[in-house]
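Spelled out, the chains give:
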Amino acid sequence: GNSVTQMEGPVTLSEEAFLTINCTYTATGYPSLFWYVQYPGEGLQLLLKATKADDKGSNKGFEATYRKETTSFHLEKGSVQVSDSAVYFCALISSLGGGGNKLTFGTGTQLKVEL
Amino acid sequence: DAMVIQNPRYQVTQFGKPVTLSCSQTLNHNVMYWYQQKSSQAPKLLFHYYDKDFNNEADTPDNFQSRRPNTSFCFLDIRSPGLGDAAMYLCATSRGLTQIAGEQYFGPGTRLTVT
């Protein structure tokens, strides 16, 4: 079955540091890939996505590139801010019977950014 | 411009007392999902509706039921909540059909406490 593996957290960085959160996946074919962010006490927000190999998703200074050779979708940001403190989920999407789509999530990586 | 709305945001119920959580959407999406997210874990899909067609995940307990009276609303009913059902419950929607259309939009979640 499909699966997503993320680096364990928490990741603690100083403000303006470089961020990488590793994500690798196992899936049949070439699923769409996503990063979701969850701020404390809130639901999930889509951060970025990529739908095919070599696509780069980007948003709010975050980037991730769909690498089919290494089955990876690592999240990066050049300079993190305290407001980026949240839990980040890597996910892939696969089709369900009945017309829906199933998101398979990684376990999440908590990021803490300190002044 | 709220797109996926969940009410209430916080719900306290007693052990064994039925509880209903509500979700509504203004996106006119075909598919609505319910996820359970326990502390420090990834969201787990409970079931989804594609229009009026209900699709249960194989490992979703019978204690959890859902209703979708129209396109905009979907309810999660927990018939006899146990202490282990305390969690954040997330509602999401998607247009469905294909992976590209399968991008999911999440509500803010309802945090359920069982006493």
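Going by the structure above, here's the rest.
Throughout, residues of each chain are indexed from 1 in the direction in which the sequence is written. Whichever chain is written first is A, and whichever ligand is written first is 1; the rest continue in order. This being a predicted model, a pLDDT of at least 70 is required before a residue's local features are given, and a value of 80 or more before pairs of side-chain atoms are given or counted; all residues contribute to the totals for chains, interfaces and linings. As a convention, hydrogens and water are excluded, and side-chain values are obtained from all of the structure's heavy atoms.

### Remarks on the overall build of chain B
At step 1: Secondary structure is summarised from DSSP: a helix means a run of H or I of at least four residues, a strand means a run of E of at least two, and numbering begins at the N terminus for each. A tally of regular secondary structure across chain B gives zero helices and 11 strands.
At step 2: Ordered by position from the N terminus, the helices and strands of chain B form the series β-β-β-β-β-β-β-β-β-β-β.
At step 3: A compact globule built from 115 residues would reach a C-alpha radius of gyration of about 13 Å, and chain B, at 13 Å, matches this within 12%.
At step 4: Expressed as lengths along the three principal axes of its C-alpha atoms, the size of chain B is roughly 40 × 35 × 30 Å. In this treatment the radius of gyration is a C-alpha quantity, and the globule benchmark scales as 2.2 Å times the residue count to the 0.38 power.

### A closer look at the overall build of chain A
At step 1: Helix and strand counts for chain A stand at zero helices and 12 strands.
At step 2: Written out in order from the N terminus, the α and β elements of chain A read β-β-β-β-β-β-β-β-β-β-β-β.
At step 3: Projected onto its principal axes, the C-alpha positions of chain A cover 45 × 30 × 20 Å.
At step 4: Relative accessibility decides the category of a residue: with a 1.4 Å probe and only protein chains considered, values under 20% of the type maximum give buried, values over 50% give exposed, and everything between is partly exposed. A buried classification covers 44% of the 115 residues belonging to chain A.
At step 5: Residues count as neighbours in contact if any of their non-hydrogen atoms are within 4.5 Å of one another. The long-range share in chain A, meaning contacts at least 24 apart out of those at least 6 apart in sequence, stands at 56%.
At step 6: Residue-level accessible areas treat just the shown protein chains as cover; the underlying method is Shrake-Rupley with a 1.4 Å probe. Carbon and sulfur atoms make up 47% of the accessible area of chain A, which amounts to about 5,300 Å² in all.
At step 7: For this count, His and the chain ends are skipped, Lys and Arg are scored as positive, and Asp and Glu as negative. One atom stands in for each charge, and that atom is NZ of Lys, CZ of Arg, CG of Asp or CD of Glu. Looking at charge distribution, chain A has the averaged site of its 9 positive side-chain charges lying 9 Å from that of its 11 negative ones.

### A word on the sheet that holds strand β3 (residues 19-25) of chain B
Residues and elements named next belong to chain B.
At step 1: By this definition, two strands are paired if DSSP reports at least two bridges between them. As summarised here, the arrangement of the four strands in space is β1-β3-β8-β7, forming an open sheet in which the pairing is antiparallel. Lying at the two open borders of the sheet, with one neighbouring strand each, are β1 (4-7) and β7 (64-67). Each adjacent strand pair in this sheet contributes to an overall mean axis angle of 20 degrees, direction not counted.
At step 2: Direction of pairing for β7 relative to strand β8 (residues 73-78): antiparallel, over a ladder of four bridges. Note on β8: the bridge partner recorded for R67 is F75. To obtain each axis, a line is fitted to C-alpha atoms, and for helices this fit is confined to the stretch in contact; angles are then taken between N-to-C directions over 0 to 180 degrees.

### Considering the pattern of salt bridges
At step 1: A carboxyl oxygen of Asp or Glu within 4 Å of a side-chain nitrogen of Lys or Arg is what we treat as a salt bridge. By the definition in use, this model includes seven salt bridges over all chains.
At step 2: Its salt-bridge partner being D84 of chain A, residue K77 of chain A comes within 2.8 Å of it at the nearest N-O pair. Per residue, the accessibility class of K77 of chain A equals that of D84 of chain A, and both read buried.
At step 3: Of the charged contacts in the structure, one is a salt bridge between K102 of chain A and E57 of chain B, with a shortest N-O distance of 3.0 Å. Of this pair, K102 of chain A sits in strand β11 (residues 101-105) while E57 of chain B sits in the loop between β6 (53-56) and β7, placing the two residues on different chains.
At step 4: By relative accessible area, which is 26% here, K102 of chain A ends up partly exposed.
At step 5: Of the residues examined, E57 of chain B reaches a relative accessible area of 14% and is grouped as buried.

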